[in-house]
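Analysis of the macromolecular model
Single-letter residue listing:
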Amino acid sequence: MQDNATEVTAAGIARLAGVGRAAVSNWRRRHADFPRPVGGTETSPSFALPEVEGWLRRHGKLAEVPLKERVWQQLAGHPAGPVTALTHAGCVLLLIHDRSPLWLEVSSGSDERLAAMLPSALEQVLTPRLGEANGSRVNGAGTVNTSAHTSAAPTAALTAPAAPAASATLAALEPPTAPQLLPSAPLLRGVAELAADSGARHTFEFLLGRHLDANPRQYTLTPADLCGLMAGLAGPARTVLDPACGTGALLRSVTSRPGQELYAQDSAPDLAALTALRLALHTRAPVHAATGDTLRADAHPAVRADAVLCHPPFNERNWGHDELAYDPRWEYGFPARTESELAWVQHALARLRDGGVAVLLMPPAAASRRSGRRIRADLLRRGALRAVVALPVGAAPPYNIPLHLWVLRRPEQAPAQPEVLLADAGQFAGEGRGGPDWAGVRETVLDAWRAFDRAGRLDERPGLARSVPVIELLDDDVDLAPARHLPPPAAADGAGRLSDVRERLGETLRLTARLTPPPVDPARPAAPGRLPLTTVGELARGGALVMRTGGNGGHARVPVLTDHDVLSGTAPSGTLPESDEEAVLTEPGDVVVPVLGGGSVARVIEETTAGAALGRNLVLLRPDPTALDAWFLAGFLRGTANNRQASSYASTATRLDVRRLQLPRLPPAEQRRYGARFRALDAFEQALRQAGRLGEQLVRGMYDGLTDGTIDPEGTVATEGTVATEGTVAPD
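Residues numbered from 1 in each chain as written. Predicted model: local features only at pLDDT ≥ 70, side-chain atom pairs only at ≥ 80, totals over all residues. Heavy atoms only, no water.

The chain goes by DNA methylase adenine-specific domain-containing protein in an unreviewed UniProt entry, where it is assigned to Streptomyces griseoloalbus.

Some points on the overall build of the chain
The criterion, for reference: Runs of E in the DSSP output that reach at least two residues are strands. Runs of H or I that reach at least four are helices, and both are numbered from the N terminus. Per-residue accessibility, obtained with a 1.4 Å probe over protein chains only, is compared with the maximum for each type, and a residue is labelled buried under 20%, exposed over 50%, and partly exposed between these values. In this description, contact between two residues means that some pair of their heavy atoms is separated by no more than 4.5 Å. Here, Shrake-Rupley sampling with a 1.4 Å probe gives the accessible areas, and only protein chains in the shown set may cover a residue.
Each helix and strand counted, the chain has 23 helices and 25 strands in total. Here the chain, with 732 residues, has 52% of them falling under the buried criterion. For the chain, the share of sequence-separated contacts (at least 6 apart) that also reach a separation of at least 24 residues comes to 72%. Taken as a whole, the chain presents about 33300 Å² of accessible surface, with 51% of it coming from carbon and sulfur.

Some thoughts on the pairing of strand β19 (residues 591-594)
Walk down a regular strand and you will see the side chains alternate between the two sheet faces. As a reminder, the rule being used: At least two bridges found by DSSP between two strands are what make those strands a pair.
By the alternation rule, side chains of β19 split into Val 591 and Val 593 and Val 592 and Pro 594, which are all buried. Note: β19 against strand β20 (residues 603-604), two bridges, orientation antiparallel. When the bridges of β20 are listed, Val 592 appears paired with Arg 603. Bridge count for β19 against strand β22 (residues 618-623) is four bridges, and the pairing is antiparallel. Residue Pro 594 lies in a different strand from β22, and its bridge partner there is Leu 618.

Focus: the sheet that holds strand β2 (residues 39-40)
Taken in spatial order, the three strands make up an open sheet running β1-β3-β2, and their pairing is antiparallel. The open sheet has two free edges, formed respectively by β1 (7-9) and β2, since each of these has just one partner strand. Relative to strand β3 (residues 45-48), β1 is paired through three bridges, and the arrangement is antiparallel. The residue bridging Val 8 from the neighbouring strand is Phe 47, located in β3.

Side note on the pattern of salt bridges
What counts is decided by this rule: Salt bridges are counted wherever a side-chain nitrogen of Lys or Arg sits within 4 Å of a carboxyl oxygen of Asp or Glu.
Inspection of every chain in the model, using the stated rule, returns 34 salt bridges. We note a salt bridge from Arg 457 to Asp 459, for which the minimum N-O separation is 2.7 Å. Here Asp 459 falls in the exposed class, since its relative accessible area comes to 53%. Arg 689 is paired through a salt bridge with Glu 685; the nearest N and O atoms lie 3.6 Å apart. Residue Arg 689 and its partner Glu 685 are both found in helix α23 (residues 668-708); the two are separated by four residues, about one turn of the helix. A network of salt bridges, in which partner residues are shared, links Glu 331, Asp 354, Asp 378, Arg 382 and Arg 410.

Here we look at the sheet that holds β20
Two pairing modes exist for strands in a sheet, parallel and antiparallel, and in both the strands are linked by backbone hydrogen bonds. As a reminder of what qualifies: Note on geometry: axes are C-alpha line fits, over the in-contact stretch for helices, and angles between N-to-C directions span 0 to 180 degrees.
Read across the open sheet, the four strands follow the order β17-β22-β19-β20; overall the sheet is antiparallel. At either end of the open sheet lies a strand with only one pairing partner, and these are β17 (545-549) and β20. Contacting β17, β19, β20 and β22, helix α21 (residues 630-637) crosses the sheet at an angle of about 15 degrees to β19.

Comments concerning the state of the cysteines
Here a disulfide denotes one covalent bond, and it connects the sulfur atoms of two cysteines. Applicable threshold: Our working definition of a disulfide is a cysteine sulfur pair at a distance within 2.5 Å.
Per the counting criterion, the structure on display carries zero disulfides. Not engaged in a disulfide, the cysteine Cys 310 finds its nearest cysteine sulfur in Cys 245; these two sulfurs lie 9.5 Å apart. Cys 310 gets classed as buried once you look at its relative accessible area, which sits at 0%.

Here's the deal with the packing of aromatic side chains
Heads up, the rule is: Pairing of aromatic rings covers Phe, Tyr and Trp, the last through its six-membered ring, and needs centres within 6.5 Å; plane angles under 30 degrees mean stacked, over 60 mean edge-to-face, and all others mean tilted. Note on criteria: charge over ring means Lys NZ or Arg CZ within 6 Å of the ring centre, with the direction from the centre no more than 35 degrees off the ring normal.
Under the defined criterion, the tally for this structure stands at 11 aromatic pairs. Each ring, one from Phe 636 and one from Tyr 674, has its centre 5.3 Å from the other, and the planes form 55 degrees; the classification is tilted. Placement of the pair is Phe 636 in helix α21 and Tyr 674 in helix α23, with a sequence separation of 38 residues. Members of the aromatic cluster, connected to one another through ring pairs, are Trp 27, Phe 34, Phe 47 and Trp 55. Across the ring face of Phe 206, the terminal group of Lys 68 is positioned such that the distance to the ring centre comes to 5.1 Å. Lying across the ring of Tyr 674, Arg 673 places its NZ or CZ 5.8 Å from the centre.

Concerning helix α13 (residues 269-282)
Applicable threshold: How far a helix is expected to stretch is found by multiplying one less than its residue total by 1.5 Å.
The terminal C-alpha atoms of α13, which comprises 14 residues, lie 20 Å apart, in line with the 20 Å expected from a rise of 1.5 Å per residue. Within α13, burial applies to Pro 269, Leu 271, Ala 272, Ala 273, Leu 274, Thr 275, Ala 276, Leu 277, Arg 278, Leu 279, Ala 280 and Leu 281.

Considering the environment of Glu 193
In this structure, Glu 193 sits in helix α9 (residues 185-198). Residue Glu 193 is classed as partly exposed on the basis of its relative accessible area, which comes to 42%. Sequence separation of Glu 193 and Val 71 is 122 residues, and the distance between their C-alpha atoms is 9.5 Å. Other than its neighbours up to four places away in sequence, Glu 193 contacts Leu 67 and Arg 70.

Describing the nonpolar core
Inclusion rule: Among the buried residues, those of types Ala, Val, Leu, Ile, Met, Phe, Trp, Tyr and Cys that are joined through side-chain atoms within 4.5 Å form a nonpolar core.
Formed by 97 residues in total, the largest nonpolar core has its most connected members in Trp 103, Leu 118, Leu 229 and Leu 405. Looking at this core element by element, the count peaks at 10 residues for helix α5 (residues 82-98). In this view, Leu 405 contacts Leu 226, Leu 229, Met 230, Leu 233, Val 359, Leu 360, Leu 361, Ala 387, Val 388, Val 389 and Leu 391; residues no more than four positions away in its chain are not counted. Listed in part, the 40 residues of the second largest apolar core include Ala 343, Ala 377, Val 470 and Leu 473.

Some remarks on the side chain of Glu 261
With respect to the helices and strands, Glu 261 occurs in strand β8 (residues 261-266). Once residues lying within four places of it in the same chain are set aside, the contact partners of Glu 261 are Arg 238, Thr 239, Val 240, Pro 286 and His 288.

Looking at the packing of α5 against helix α7 (residues 111-130)
As a reminder, the rule being used: Each angle is binned into one of four classes, with values under 35 degrees roughly parallel, values over 145 roughly antiparallel, values of 65 to 115 roughly perpendicular, and all other values oblique. Asp, Glu, Lys and Arg are counted as charged, while Ala, Val, Leu, Ile, Met, Phe, Trp, Tyr, Cys and Pro are counted as nonpolar; the rest, among them Gly, fall into the polar class.
Interhelical geometry of α5 versus α7 gives an angle of 75 degrees and a closest axis separation of 10 Å. Between α5 and α7, the interaxial angle falls into the category roughly perpendicular. For the pair α5 and α7, contact is made by Cys 91, Val 92, Leu 94, Leu 95 and Asp 98 and by Leu 118, Ala 121, Leu 122, Val 125, Leu 126 and Arg 129, respectively. Of the residues contributing to the contact of α5 with α7, the split by class is nine nonpolar, no polar and two charged.

Printed below as a string of structure tokens:
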């Protein structure tokens, strides 16, 4: 076995072969020639990827490892860690993107030659594309020369940069050395091969998306739809800054335009490096990225941006309160130790040109905490805070809290009679884990903001938005929470919706009664108890169906069918990390099965849900209609005993090995007879779910109407021309 060979876990082997982890455990027990562990722990061993690939091929488990999967496994199992591998891959992809002939020249020959020649080639691309970070300079030898804005610091290595001192800023990227690159040589050749098929930009987005998805607890991501909304609020901008850039999603959402410049900084060296590479691959605009604590050591002190977009860290106590008491950025007041978000707000304003716009994602508490009321008051008086937008629950992590957007403008002069826009998009929250109705959020918020920005005020839009004179907000609390200042929707509208819900509930209950399965006729002979059985795995090997697993990348404007959607019977509602990985799209007649949770569920895809991307933790079965009836297949897969024998149990979850699910061997006509009965049961189940949802809406509407005074206890709406809850109009 070669030194530094990529290692892969049992979960990675299962993904390579398209099986569950239980199948990998069985292979280890049953086959004496299965590769021995080369690392990991006793409970989570790792194996050499080349040995695993060879074993899978010899035993007919895998005809050929897909290129994307092989590259990903090389990256995930890199000896120096996936972040190092990802940054090495990103550098090479930028070289391929900008100077493909140079890559072809350095990649010919041995791995040793590649590693020796690559640093010089990368420097020829990184320096002109990424420039020099303000406050630091990377010289030709790869060392960092600090200016007056930084303290002395050791060389920042691209592969595993040390966290900078609180007072230092470092360039986000510099070329790795030959010894650092040598273990990455097989990965880099695979990345180049993948880029030849998918393009350098798409390849990097795929690998980055996979890495973020595999490490969800390590990163706080800003969803793509929210990034688009924030960029829309900021408007067209030539110079854009993100002082807490994370993975660069906000700057990536900015529309590229001639002469544009992008500035980024993050305290995490790996995030700053990944952002620099991501932006350089996404746009031809100059990218100035740096590593360092923005509040303590701003890498871009001279920048006066047209727009600042920022998703700052929330509730940070150690943001520099003691060291920064006399910082000139605190133009609107010195933030309390508990008000780190207001420090970020003032930093954003300090980096704007006069008239520039900043959009920050904020926790709702920042709009009402007493410790921040004086700063909020001064922001209002001087016309710096222009809008506060309450987002729906589920818009961004933490997903259980309705976060706010603050829109600020650096005032050129104090307005005579300032007003501030307050908007609440809470009504666009989605059901379950599906996420908000982003189309509704975007249309409502941007339309209200643009109208307000043109006129300086906005007529009331009940329950959605209104502009409020600043003088009305300057009380003892200076509470800016939109819900506290927006009137509820008109009572008549609420009553109309309530009547509509009641009518739809009645229709659904009548439909449920019609769909109730008839009682079993005791005189009818029972179905034969023991039928010849086959498994999903055998059917897949025989070509009767195709088996696909849920992907890790989504496409813009393509809804994602999640495991929650399948379990609850709702429409596709999810999203996946931005990636150019080829998504698995559903087609009519597909059968989708969740693999986690231990439930007996299978869903047949119909015309209304076709075309959605298959989400994670789902397996798609595409039967050959000449051999298998889709409803027959789905119905037998839902059997409780069937699921029990195909499930494996871990300490915290149950996982279904779909290949082990069984169904009887029956002729097509008999399959269709069973399928018709299973389809009728599915329609009955959907009607019951719809009735439950409508019942909950009706109950909630009645509670709200009784408590806000729009419905009296007799069951009528308390307005002129009162509307009864039954939908009839009561006399005046």
